[in-house]
Amino acid sequence: MIDQAEPGREVSPQPPAMSGNGRRLEWYIKITLYLLAPGFLLGGLLSMVSTLSATDRPVSPGESARLIVLIILGLATAAANLVVAHVAISRMRLPRDQWWRGPRWRWAVWIGITLVATFGWATFLWTRGAWPSPLWMFGTAAVVAVTPLLGWRSTTIATVLLIMINTVATMLSPMNPELRWIPITSIAIAIPVITFTQWLTVWMLRVVYELDDARRRAAELAITEERLRIARDLHDVLGKTLTTVAVKSGLAAELVRRGRSTEAEAEMAAVRQIADDAAKETRTVVRGERMVDLARELDGAKALLDSAGIACTVQNRVHATRLDQQRAGILGWVVREGVTNIIRHSNATRCLISLSPDPLRLMITNNGVHTPPRSPGHRAAWHGRATGGGGRHPGA
């Protein structure tokens, strides 16, 4: 079922689902990211509340109301980070031009909540003479949430900006100047560790996605190759068979007109046998069990040409049994195509098929050649078959 897009709404294509071990690894990494984006911020909120409760200066009723509002804003920011992290992870497998698509107001709401909560907490702690830790906590949590949509350079730039902003804010804060080096050093270490740990986790998930996509493409290519093989083999089998049926049925009709019913009956029996053999060979093609026997192809070609009134001579047939399966298959295809073309497109009365082992060469000559224009697809088919086995054809 295909979802219908509402007017003015763009529906992004859904990425294919993974399966097996890849699916379990995907969920493990996702859960880690989902817990880290809001969990880091929630831990920071608890730390700040604990710090306030442990100070000698009591919290006034007005500050208590403000603190409650700030806690609610912090929880809202954590929830928004979780939503943003989910959106970012779900868009990782989409094309890059679709990563940031969607209503702009959603991103604006998230940024607005984060900024209000950050500066609200920072000013609250500033007025109490404490270190403005929300600047790095809220900022780092925001970067962690959108890391799935950031590259290595963007993550590095965001990390450097966070360190610079927090360093400046710490230097300007009313906290004890002799103790400022402690938070400055802490954030200079903590922020890169957190952001790049998140980025490496996302990178690992992206590698898993790329491996799954490569496996999926390999499976699709294998299916396509199998379809092409079946189509090619059916063309080979049915092309020769239908040509043989046409020749023998025409011969049988001519024998009937001449009153030679016994011979006509024999030709029609041969046509029936050819049809039965073609049905069996078609089933082997579909099952992928068809093996080419060059000697058999040469015998069949001689019989077909003789039935069409073309005297056929096969030279050095004994070498056909000494070839490997790959070369025998290619030469068998050449024999089938060549004989079919002689019957359909020439006025030959004689044909010579010659096989030489060293160097390996197959020559099909006849005395009724004419040269109609050949399509590029026909030439490409010959070239592809021949070069697939390390050979060449004269028209290449």
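Keep in mind the model is a prediction, meaning the values are calculated, not measured. (Residues numbered from 1 in each chain as written. Predicted model: local features only at pLDDT ≥ 70, side-chain atom pairs only at ≥ 80, totals over all residues. Heavy atoms only, no water.)

Our next topic: the overall build of the chain. Within the chain one finds 10 helices and three strands. Here the chain holds 396 residues, and 37% of them are scored as buried. In the chain, of all internal contacts separated by at least 6 residues, the share reaching a separation of at least 24 is 75%. Total accessible area on the chain is roughly 23200 Å²; 63% of this is exposed by carbon and sulfur atoms. (Helix = DSSP H or I, 4+ residues; strand = E, 2+ residues; numbered from the N terminus. Buried < 20%, exposed > 50% of the residue type's maximum accessible area, 1.4 Å probe, protein only. Contact = heavy atoms within 4.5 Å. Areas by Shrake-Rupley, 256 points an atom, 1.4 Å probe, with all protein chains shown as cover.)

One ladder, built from five bridges, connects strand S1 (residues 311-315) with strand S2 (residues 350-357); its direction is parallel. Among the inter-strand pairings, Gln315 is bridged to a residue of S2, identified as Ser354. (Pairing = 2+ DSSP bridges.)

A separate point is the packing of helix H8 (residues 294-307) against helix H9 (residues 325-345). In contact at an axis separation of 9 Å, H8 and H9 are set at 10 degrees when each is read in the N-to-C sense. The angle between H8 and H9 places the two elements in the roughly parallel class. Together, Leu294, Glu297, Leu298, Ala301, Leu304 and Leu305 of H8 and Ala328, Leu331, Gly332, Val335, Arg336, Val339, Ile342 and Ile343 of H9 make up the contact between the two elements. Taken together, the residues of the contact of H8 with H9 break down into 11 nonpolar, one polar and two charged. (Axes fitted to C-alpha atoms, helices over the stretch in contact; angles between N-to-C directions. Parallel < 35°, antiparallel > 145°, perpendicular 65-115°, else oblique. Nonpolar A, V, L, I, M, F, W, Y, C, P; charged D, E, K, R; others polar.)

On to the nonpolar core, then. The biggest cluster of nonpolar side chains holds 23 residues, and the ones touching the most others in it are Leu294, Leu305, Val335, Val339, Ile353 and Leu362. Elements with a contribution of two residues or more to this core: H8, H9 and S2. Not counting chain neighbours up to four residues away, the residues in contact with Leu294 comprise Ala320, Leu323, Ala328, Leu331, Gly332, Val335 and Leu355. Core analysis: the second largest hydrophobic core is formed by 20 residues, Val84, Val146, Leu150 and Ile191 among them. (Core = buried A, V, L, I, M, F, W, Y, C linked by side-chain atoms within 4.5 Å.)

One open sheet holds the three strands; their spatial order is S1-S2-S3, and the pairing between them is mixed. With one partner strand each, in any of the chains shown, S1 and strand S3 (360-366) form the two edges of the open sheet. Averaged over all neighbouring strand pairs, the angle between strand axes comes to 10 degrees, with direction disregarded. Pairing geometry for S2 and S3, over seven bridges, is antiparallel.

So, on to the pattern of salt bridges. By the definition in use, this model includes eight salt bridges. Between Arg258 and Glu254 there is a salt bridge; the shortest N-O distance is 3.0 Å. Looking at Glu254, the relative accessible area reads 27%, which means it is partly exposed. The network of salt bridges with common partners includes Glu254, Arg257 and Arg258. (Salt bridge = Lys/Arg side-chain N within 4 Å of Asp/Glu carboxyl O.)

Our next topic: the packing of helix H2 (residues 61-90) against helix H3 (residues 104-127). Packed helix pairs are characterised by how far apart their axes lie and by the angle those axes make with each other. In the contact formed by H2 and H3, the axes pass within 9 Å of each other and the chain directions differ by 145 degrees. Like other packed secondary-structure pairs, H2 and H3 cross with a definite hand, here left-handed. On the side of H2, the interface is formed by Glu63, Arg66, Leu67, Leu70, Ile71, Leu73, Gly74, Ala76, Thr77, Ala80, Asn81 and Val84, while H3 contributes Trp107, Trp110, Ile113, Thr114, Val116, Ala117, Gly120, Trp121, Thr123 and Phe124. Within the contact of H2 with H3, the residues separate by chemical class into 14 nonpolar, six polar and two charged. (Left-handed = near helix turned anticlockwise from the far one by under 90°.)

A few words on the pairing of S2. Note that the unit made of S1, H9 and S2 has a crossover that is left-handed. Where S2 folds back on S3, the antiparallel hairpin that results is connected by two residues. (Right-handed = clockwise from strand over helix to strand, strands pointing away.)

Moving on, we get to unusual backbone geometry. For Asn316, which is not glycine, the phi dihedral falls at a positive 60 degrees. One can find Asn316 in the loop between S1 and H9. Take Asn316: its relative accessible area is 38%, and that puts it in the partly exposed class.

This part covers the confidence of the model for the chain. Per-residue confidence for the chain gives a mean pLDDT of 75, with 78% of residues at or over 70. Within the chain, the element-level pLDDT minimum falls on helix H10 (residues 376-388), averaging 50, and the maximum on S1, averaging 89. This stretch, residues 1-13, has a pLDDT under 50; its non-local contacts, to residues over four places away or in other chains, come to six contacts. Residue range residues 376-382 is modelled with pLDDT below 50. Its contacts to residues more than four positions away, or to other chains, number 11 contacts. (pLDDT = per-residue confidence, 0-100.)

In a regular helix each residue adds 1.5 Å, so 21 residues correspond to 30 Å; helix H5 (residues 152-172) covers 31 Å between its end C-alpha atoms and thus fits that length. Residues of H5 that are buried include every one of Thr155, Ala158, Thr159, Leu162, Ile163, Asn166, Ala169 and Thr170, and no others. End-on, the buried residues of H5 take up no more than an arc of 140 degrees, which puts them together on one face. Away from its buried face by more than 90 degrees, H5 exposes Arg153, Ile157 and Leu172. (Expected span 1.5 Å × (residues − 1). Arc of directions from axis to C-beta.)

Another aspect to go through is the environment of Thr321. Tracing the chain through its elements places Thr321 in the loop between S1 and H9. Taking the C-alpha atoms as reference points, Thr321 and Asp293, separated by 28 residues in sequence, lie 8.0 Å from one another.

A surface patch of nonpolar side chains, amounting to about 470 Å² of accessible area, comprises Ile157, Val160, Leu161, Met164 and Ile165. Within the fold, Ile157 resides in helix H5. (Patch = residues over 30% accessible without salt bridge, like charges linked within 9 Å, V, L, I, M, F, W, Y side chains within 5 Å.)

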